[in-house]
Amino acid sequence: MTTRRLYYDDAYEKEFEARVVYCEVLPPDLSAGITGTVWGLMLDRTAFYPTSGGQPNDLGKIGDANVLDVRDEGEEILHLVDRKPSAPDVMGCINWPRRFDHMQQHTGQHLLSAMFQERFGLPTVSFHLGAELCTIDLRGPEPTEKMLEGAERAANQVAFEDRPVNVRYGTADQLSRLGVRKEVERQGILRAIEIEAADLQPCGGTHVKSTGQIGIILVRRCTKVRQDWRVEFVCGGRAERLARHDFQLLRQAAEQMSCAPEDIVSAASRSIAERDASFKSLRAAQERLAEAEATLALQSAIPGANGFRIVSRIFEGVPAEYLGLFATAFTKSEKTIALLATADGGHVLFAQHASAGKDMNVALKEVLEKIGGKGGGTRDFARGKLSDSAKAQQALDAAVSLI
Ligand SMILES: [Zn+2]
């Protein structure tokens, strides 16, 4: 039995009376997030919109049952409910804020798609109405920032003019003669949505009755998805919430930077430039310090019987890069070997002057094998990281005994 779809003719019908024609327990549907017992319910008529054409289903109540999902089953509409209605005649009531939000987004989509097509020759190949954002996929060359803005402005202009949104019925031929935006091959009478003097396209979804109810239309990012361009947008209540959220973010960022929101970009650029300059001067200071420490270490290192000067040291409060700076400075002199580690983080570095003739990479591998960790390098310069940073001393002791 065909379910009469009340939303086809009146998308504003929030409450309705209907008769139960079928009600049966369904198996749990984990993929739909339904774990408990649910009933599949069919009515002779319904205002509940089933998931289809990019628009999610309605929620609400039928009698005292909660509607968990609504599915399009061809001629019929299946309501998934959490209990069986107690009588054959029921009252249905849809969750209106959710539905109206869908109507705003969906009508906004028609309008935005029409503007992209009309102004820039970019047809919409798909539409998705998500929980947070909506998207359309455009086919053709990459939309420029100017095109995104142009389509947004044109769509908002039509919204400000508060033009009527009408439901039209006709065969594919009749709609084609009226200039329908998308040709359909389906037989019989089709439903199309007309935005007066702006758009006509076949659609079974729910829409607001005039463009003013869409509210503001905000176009957001555009990204490439396979061969198409995915444009994110939001309308009405969502646009209001997102604009507020964006401003809150901007204000918080400005507070952090101690500037006015409109100065955030220049403040961020300044801060990045300062950070880069500080980094450069810190690096230069670290290099000078490493040179000085290496010179002192060379002076105090007593050459062994074979003429080697070895330094084995754990550094506190320095970044891992400091080991490299120190090692480079120390091993400039002949027959030198540096076995270094940081007190925090478990960084180790073994380096030598080529004349020392050992293999630092092999030594490091052996130490890491014994103590635990990862790393590698060349014959003269190898670095790694211990799995347990508390074992730095053990690692250096092991290295000394190897060399
Ligand atoms: Zn539609």
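What counts and how
Residues numbered from 1 in each chain as written. Predicted model: local features only at pLDDT ≥ 70, side-chain atom pairs only at ≥ 80, totals over all residues. Heavy atoms only, no water. Helix = DSSP H or I, 4+ residues; strand = E, 2+ residues; numbered from the N terminus. Rg over C-alpha atoms; globule rule 2.2 N^0.38 Å. Buried < 20%, exposed > 50% of the residue type's maximum accessible area, 1.4 Å probe, protein only. Contact = heavy atoms within 4.5 Å. Areas by Shrake-Rupley, 256 points an atom, 1.4 Å probe, with all protein chains shown as cover. Lys, Arg positive; Asp, Glu negative; His and termini not counted. Charge placed at Lys NZ, Arg CZ, Asp CG, Glu CD. Donors = N, O, S within 2.8 Å, 3.2 Å for Na, K, Ca; no water. Tetrahedral: all angles 85-135°; square planar, octahedral: opposite > 155°, others 65-115°. Pairing = 2+ DSSP bridges. Axes fitted to C-alpha atoms, helices over the stretch in contact; angles between N-to-C directions. Parallel < 35°, antiparallel > 145°, perpendicular 65-115°, else oblique. Left-handed = near helix turned anticlockwise from the far one by under 90°. Nonpolar A, V, L, I, M, F, W, Y, C, P; charged D, E, K, R; others polar. Core = buried A, V, L, I, M, F, W, Y, C linked by side-chain atoms within 4.5 Å. Salt bridge = Lys/Arg side-chain N within 4 Å of Asp/Glu carboxyl O.

Asks: Sorry, what's going on with the overall build of the chain here?
Replies: The number of helices and strands found in the chain is 9 helices and 20 strands. Relative to its length of 403 residues, the chain is extended, with a C-alpha radius of gyration of 35 Å against a globular reference of 22 Å. Its C-alpha atoms give the chain principal-axis dimensions of roughly 100 × 50 × 40 Å. Every one of the 403 residues in the chain was classed for burial, and the buried ones make up 42%. If you take every contact in the chain between residues at least 6 apart in sequence, the share linking residues at least 24 apart comes to 59%. On the chain, roughly 21,200 Å² of surface is accessible, and the fraction owed to carbon and sulfur atoms is 51%. Here the chain contributes 49 positively and 55 negatively charged side chains, and the mean placements of these two sets differ by 5 Å.

Asks: What exactly am I supposed to notice about the coordination of the zinc ion here?
Replies: Any two of four tetrahedral donors ideally make an angle of 109.5 degrees at the metal, while pairs among six octahedral donors ideally make 90 or 180 degrees. Each protein donor to the zinc ion is listed here as His106 (NE2), His110 (NE2), Cys203 (SG) and His207 (NE2); together their distances run 1.9 to 2.3 Å. One can describe the donor arrangement at the zinc ion as tetrahedral, given that its 4 donor atoms subtend angles of 90 to 129° at the metal.

Asks: Can you help me understand the sheet that holds strand β20 (residues 381-386) in this one?
Replies: Hydrogen bonding along the main chain pairs the strands of a sheet, whether they run parallel or antiparallel. The 5 strands are arranged β16-β17-β18-β20-β19 in an open sheet whose pairing can be described as mixed. The sheet terminates laterally at β16 (309-315) and β19 (373-377), the two strands that pair on one side only. Across the sheet, the axes of successive neighbouring strands diverge by a mean angle of 10°, strand direction being ignored. Bridge count for β19 against β20 is 5 bridges, and the pairing is antiparallel. Across the sheet, glycine 375 pairs through a bridge with glycine 384, a residue of β20. Along the sheet, helix α7 (residues 320-330) contacts β16, β17 (336-342), β18 (347-352) and β20; its crossing angle with β17, the most-contacted strand, is approximately 170°. The strands touched by helix α9 (residues 392-402) within the sheet are β16, β17, β18 and β20, with β17 carrying the most contacts at an inclination of about 165°.

Asks: What is the right way to look at the packing of helix α2 (residues 96-120) against helix α3 (residues 145-160) in this model?
Replies: Working note: a packed helix pair is described by the angle between its axes plus the distance between those axes. Two numbers describe how α2 lies on α3: the axes approach to 9 Å, and their chain directions differ by 125°. Classified by the interaxial angle, the pair formed by α2 and α3 is oblique. As α2 runs across α3, the sense of the crossing is right-handed. Residue-level inspection shows Leu111, Leu112, Met115, Phe116, Arg119 and Phe120 of α2 in contact with α3, the latter providing Met147, Leu148, Gly150, Ala151, Glu152, Ala154, Ala155, Val158 and Ala159. For the contact of α2 with α3, the class distribution of residues is 12 nonpolar, 1 polar and 2 charged.

Asks: Would you explain the sheet that holds strand β11 (residues 165-170) in this entry?
Replies: Strand order in this open sheet of 3 strands is β11-β12-β13, and the pairing throughout is antiparallel. Strands at the two margins of the open sheet, each flanked by one partner only, are β11 and β13 (199-202). Between one strand axis and the next, the sheet turns through 25° on average, direction left out of account. Taken together, the 6 bridges between β11 and strand β12 (residues 190-195) define a ladder with antiparallel strand orientation. In the strand pairing of β12, valine 165 is matched with isoleucine 195. Packing against the sheet, α2 makes contact with β11, β12 and β13, and its axis sits at approximately 75° to β12.

Asks: Where do I start with the nonpolar core in this structure?
Replies: Nonpolar side chains in soluble globular proteins tend to end up buried together. Formed by 52 residues in total, the largest nonpolar core has its most connected members in Ile62, Leu111, Leu112, Met115, Phe116 and Ile136. The leading source of residues in this core is α2, at 7 residues. Contacts of isoleucine 136, omitting those with residues within four sequence positions, involve Gln109, Leu112, Ser113, Phe116, Thr124, Ser126, Phe127, Trp229, Arg230, Val231 and Phe233. Ranked by size, the runner-up nonpolar core spans 20 residues in total, among them Val348, Phe350, Leu364 and Ala382.

Asks: Is there a simple way to think about the pattern of salt bridges in this case?
Replies: Note on pairing: side chains with opposite charge can pair once their charged atoms come close. Going through the model one piece at a time under the given rule, you end up with 19 salt bridges. Salt-bridge contacts for arginine 230 lead to aspartate 137; the nearest nitrogen and oxygen are separated by 2.8 Å. In this pair, arginine 230 is assigned in strand β15 (residues 228-235) and aspartate 137 in strand β10 (residues 134-138), connecting sequence segments 93 residues apart. Two residues, glutamate 293 and arginine 313, come together in a salt bridge whose shortest N-O distance is 3.9 Å. With glutamate 293 in helix α6 (residues 264-300) and arginine 313 in strand β16, this pair connects stretches of sequence that are 20 residues apart. With a relative accessible area of 27%, arginine 313 lands in the partly exposed category.

Asks: Quick question: what am I supposed to make of the environment of phenylalanine 350 here?
Replies: Among the structural elements, phenylalanine 350 can be located in strand β18. Overall, phenylalanine 350 belongs to the buried group, its relative accessible area being 0%. In sequence terms phenylalanine 350 and threonine 51 are 299 residues apart; their C-alpha atoms lie 64 Å from each other.

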